[in-house]
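What follows is each chain in one-letter form.
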Amino acid sequence: MKYHNPTGATLTPKFIIRADSYKEIGTGHVVRCLALAEQFKVSGGDVTFVSHCESDFLIDQILSVGCEFIPLTCTFPNQIDLQTTLSVIKNSSEAKYHYIWTILDGYQFDSEYQQKIMQSDCNLMVIDDSAHQGYYHTNVLLNQNLGANNIDYVCDPHTTMLLGSKYTLLRSQFTREKIRTRFIPKTATKILVTMGGSDKYNLTSKIIQSIQNIPTNKLEVLAVVGTSNSNFNDIQETAKVSQVPVKIVRETDEMPDLMTWADLAISAAGSTTWELSFMGTPMILVVTEDNQISIADQM
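Residues numbered from 1 in each chain as written. Predicted model: local features only at pLDDT ≥ 70, side-chain atom pairs only at ≥ 80, totals over all residues. Heavy atoms only, no water.

Caption draft 1: Representation of the overall build of the chain in the model. Scanning the chain from terminus to terminus reveals ten helices and 14 strands. Taking 2.2 N^0.38 as the reference for a compact globule, 299 residues should give roughly 19 Å; the C-alpha atoms of the chain span a radius of gyration of 20 Å, in line with that estimate. Its C-alpha atoms put the chain at 70 × 40 × 40 Å along the principal axes. For the chain, the residues scored as buried account for 51% of the 299 residues in total. Sequence-distant contacts, at least 24 apart, represent 58% of the contacts inside the chain between residues at least 6 apart. Positive and negative side-chain charges in the chain, numbering 23 and 32 respectively, have mean positions lying 7 Å apart. (Helix = DSSP H or I, 4+ residues; strand = E, 2+ residues; numbered from the N terminus. Rg over C-alpha atoms; globule rule 2.2 N^0.38 Å. Buried < 20%, exposed > 50% of the residue type's maximum accessible area, 1.4 Å probe, protein only. Contact = heavy atoms within 4.5 Å. Lys, Arg positive; Asp, Glu negative; His and termini not counted. Charge placed at Lys NZ, Arg CZ, Asp CG, Glu CD.)

Caption draft 2: View of unusual backbone geometry. Residue Phe-76 is joined to Pro-77 through a cis peptide bond whose omega torsion reads 25 degrees. Checked against the element boundaries, Pro-77 lands in the loop between β5 (68–71) and α3 (79–94).

Caption draft 3: Focus on the pattern of salt bridges. Evaluated as defined, the whole model comprises eight salt bridges. Note that Arg-171 is salt-bridged to Glu-275, the shortest N-O span being 2.9 Å. Of this pair, Arg-171 sits in the loop between β9 (160–163) and α5 (172–175) while Glu-275 sits in helix α9 (residues 272–279), and the two are 104 residues apart along the sequence. This pair shows no difference in class: Arg-171 is buried, exactly as Glu-275 is. (Salt bridge = Lys/Arg side-chain N within 4 Å of Asp/Glu carboxyl O.)

Caption draft 4: Spatial organisation of the side chain of Gln-133. One can find Gln-133 in the loop between β7 (123–127) and β8 (140–143). Engagement of the side chain of Gln-133 in a polar contact is seen with the side chain of His-132, the distance being 3.5 Å. (Polar contact = N/O pair within 3.5 Å; in protein donor to acceptor, adjacent residues only side chain to side chain.)

Caption draft 5: Molecular detail of the sheet that holds strand β14 (residues 283–286). Spatially, the five strands line up as an open sheet ordered β12-β11-β10-β13-β14, and their pairing is parallel. Lying at the two open borders of the sheet, with one neighbouring strand each, are β12 (246–250) and β14. Put simply, the sheet's adjacent strands are angled 15 degrees from each other on average, direction ignored. Relative to strand β11 (residues 220–225), strand β10 (residues 190–194) runs parallel, the two sharing five bridges. If you follow Leu-192 over to β11, its bridge partner there is Leu-222. Docked against the sheet, helix α7 (residues 232–240) engages β11 and β12, running at close to 160 degrees with respect to β12. (Pairing = 2+ DSSP bridges. Axes fitted to C-alpha atoms, helices over the stretch in contact; angles between N-to-C directions.)

Caption draft 6: Examining empty space enclosed by the protein more closely. Evaluated as defined, the whole model comprises two cavities of 30 Å³ or more. Within this model, the largest cavity holds a volume of roughly 60 Å³. Around the largest cavity, the lining residues are Val-31, Arg-32, Gln-144, Thr-168, Leu-169, Leu-170, Arg-171, Ser-271, Trp-274 and Glu-275. Contributions of two or more residues to the lining of the largest cavity are made by α1 (28–42) and α9. Per-class residue counts for the lining of the largest cavity are four nonpolar, three polar and three charged. A volume near 30 Å³ is recorded for the second largest cavity. Along its surface, the second largest cavity is lined by Leu-104, Gly-106, Phe-109, Gln-114, Val-126, Ile-127, His-132, Gln-133 and Tyr-136. (1 Å grid on protein atoms, 1.4 Å probe; cavity = no way out; pocket = protein on both sides within 12 Å on 5 of 7 lines; lining within 4 Å. Points joined across faces, edges and corners; volume = space filled by probe spheres on them. Nonpolar A, V, L, I, M, F, W, Y, C, P; charged D, E, K, R; others polar.)

Caption draft 7: Here's a closer look at the pairing of strand β4 (residues 46–51). Within β4, five of the six residues are buried, which leaves the element mostly enclosed by the surrounding structure. As paired strands, strand β3 (residues 13–19) and β4 are joined by five bridges and run parallel to one another. Note on β4: the bridge partner recorded for Lys-14 is Asp-46. Bridge count between β4 and β5: four bridges; the pairing is parallel. Looking across to β5, one finds that Val-50 is bridged to Ile-70. Each parallel crossover has a hand, and for β4 linked through helix α2 (residues 56–64) to β5 it is right-handed. (Right-handed = clockwise from strand over helix to strand, strands pointing away.)

Caption draft 8: How the structure looks around the sheet that holds β7. Taken in spatial order, the seven strands line up as β5-β4-β3-β6-β7-β8-β9 in an open sheet, and their pairing is parallel. Edge positions in the sheet fall to β5 and β9, since each of these pairs with one other strand and no more. Across this sheet, the average inter-strand angle for adjacent strands is 15 degrees, counted without regard to direction. The sheet contact formed by β7 and β8 spans three bridges and is parallel. By the bridge assignment, Val-126 is partnered in β8 with Leu-141. α1 rests against β3, β4, β6 (99–105) and β7 of the sheet, and its axis sits at about 165 degrees to β4. Of the strands in this sheet, β3, β4, β5 and β6 touch α3, which is tilted by about 175 degrees from β3.

Note that all results are geometric; they support no functional claim without further evidence.
See below:
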């Protein structure tokens, strides 16, 4: 994604990603923006994350892709959030980037926030799930979910709409996987439990306990504990007394391998849904937040 002016000089695009990750909202916004960041970097762009991120693991992943990371201690409607983002845009403009995009991924970025970004003479893309804002001021609106085409978005007249699962944001660890024929056993014995980055209701422990009620001694459970999960000790204790063998994996970048291993996944109905779909892994979806209801219904 290099751009050339009439003289032949190469112009480097700049991408500013504004997304957060903390216990209350999980890791999904940052994780799917990482997929964009990887492609921006491969295409020759410079990428800066502006983020209130409580996960050192995610920050390390952002840095490993070659992105700049600017931390925030608060989030909008605190005005420090917007002021910091506008400052990064201004500095990028002064650095002679001729092509600047800001990407917003989060439910707190309302019409006011979007307008301020647009007024900064910067291109804007908003990533959305459910038309939670009454109006969208943006150049591009992306909703990767099934059923997105049926949502009546109210946007600026010039807005480009990218709607539906053909625009799914998948990280390179998935997209570089070779398409393979998947054998689905009649009876699942290898169970993957993955309840998102924070799992604030401690559903991982509850699912491990519930699996004990299945009348078989052939099960294996692999539980992925997200980077923002504060229930890790409780999950460990639950696994220790489990009659079914349970292995706990934390802070992993090997999800494609784990999904390939599993006969069945029990998963939160968030962004992991599309990763499981891509890998062809049968799944039981659990709605953990209201914004996952539509995804579960459509699936």
